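# Summary of structural features
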Amino acid sequence: MSTHDTISPNEAADRLAIRELVEAYAHCADRRDAKAQMALFTEDTHFVVYMSANDPTPSQELHSREALAPVLDELNKYAATQHFVGQSTISKLEGDEGTGETYCMAHHVTVDGGNPRLMIAALRYLDTFRKSEGAWLFAERRLYVDWLEERTLS
């Protein structure tokens, strides 16, 4: 845990902007706005998915903003989603670069033949942020799935 006796107004604004970036990612996901979601990443972004947080081998690895399109489009297979962003910690913030970790509980509803099901994913994101033209973006996002639960909805 870091201590902040005083921080500059610029640092406070940067920290708020990064938190809003993290929240915008979840907001766009739940509204199926892949174009807006992609705009939250640098052109040369690195996006890595670990479907098992204990497996050091990534399940998926992408190397550009454009490569995100089919991955983000996968959310369209769900009838509804809700991504609840939990603690979000900025561990380093120096100039136009930063790193942090965010926890998220992702709820995904599917309806197959009138039988609704819920999949809950406990996610963690390890992020590298970059400020470009005055806006904070994801330069790298590593998504770790800590656990999944599936159940029938009543």
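Summarised in this report is the structure supplied together with it. Just so it is clear, the structure is predicted and the values come from calculations on it, not from any experiment.

The rules behind these values
Residues numbered from 1 in each chain as written. Predicted model: local features only at pLDDT ≥ 70, side-chain atom pairs only at ≥ 80, totals over all residues. Heavy atoms only, no water. Disulfide = S-S within 2.5 Å. Phe/Tyr/Trp six-rings, centres within 6.5 Å; stacked < 30°, edge-to-face > 60°. Helix = DSSP H or I, 4+ residues; strand = E, 2+ residues; numbered from the N terminus. Buried < 20%, exposed > 50% of the residue type's maximum accessible area, 1.4 Å probe, protein only. Lys NZ or Arg CZ within 6 Å of the ring centre and 35° of its normal. Polar contact = N/O pair within 3.5 Å; in protein donor to acceptor, adjacent residues only side chain to side chain. Contact = heavy atoms within 4.5 Å. Core = buried A, V, L, I, M, F, W, Y, C linked by side-chain atoms within 4.5 Å.

## What about the state of the cysteines?
The bond known as a disulfide is covalent and runs between the sulfur atoms of two cysteines. Taken as a whole and judged by the stated rule, the model has 0 disulfides. With no disulfide partner, C28 has as its closest neighbouring cysteine sulfur the one in C104, 13 Å distant.

## Some thoughts on the packing of aromatic side chains
Evaluation of the coordinates by the stated rule reveals 7 aromatic pairs. Ring centres of Y25 and F41 lie 6.0 Å apart, and the angle between their planes is 70°; this geometry places the pair in the edge-to-face category. Here Y25 is found in helix α1 (residues 9-30), whereas its partner F41 is found in strand β1 (residues 41-50), with 16 residues between them in sequence. In this pair, the class of Y25 matches that of F41, namely buried. Between Y25 and Y125, the aromatic rings sit 5.7 Å apart at their centres with planes inclined by 75°, giving edge-to-face as the arrangement. Note that Y25 is positioned in helix α1 and Y125 in strand β5 (residues 115-132), a separation of 100 residues in sequence. The class for Y125 is buried, based on a relative accessible area of 4%. Here a set of aromatic residues connected by ring pairs shows up, and it is made of Y25, F41, F47, Y125, F129 and F138. Cation over ring: R141 sits above Y25, and NZ or CZ is 4.4 Å from the ring centre. A cation over a ring is seen here: R141 above Y125, with NZ or CZ 3.8 Å from the ring centre.

## Side note on the environment of T110
Residue position: T110 is located in strand β4 (residues 97-112). Taking the relative accessible area as the measure of exposure, T110 reaches 27% and is therefore partly exposed. Between the alpha carbons of T110 and L153 there is a distance of 9.6 Å; along the sequence they are 43 residues apart.

## Describing the side chain of T81
Among the structural elements, T81 can be located in strand β3 (residues 80-94). Judged by its relative accessible area of 8%, T81 falls in the buried class. Within the local environment of T81, its side chain forms a polar contact with the side chain of R32, the two groups lying 3.0 Å apart. Residues contacting T81, with those up to four places away along its chain left out, are A29, D30, R32, L75, H107 and H108.

## Some remarks on the nonpolar core
Grouped together as the largest cluster of nonpolar side chains are 30 residues, with contacts concentrated most on Y25, F47, L123 and F138. Elements represented by at least two residues in this core include exactly α1, β1, α3 (68-73), β3, β4, β5 and β6 (135-152). If one sorts the elements of this core by residue count, α1 sits on top with 6 residues. Excluding its chain neighbours within four sequence positions, the residues that come into contact with F138 are L21, V22, Y25, L40, F41, T42, T45, D127, T128 and F129.

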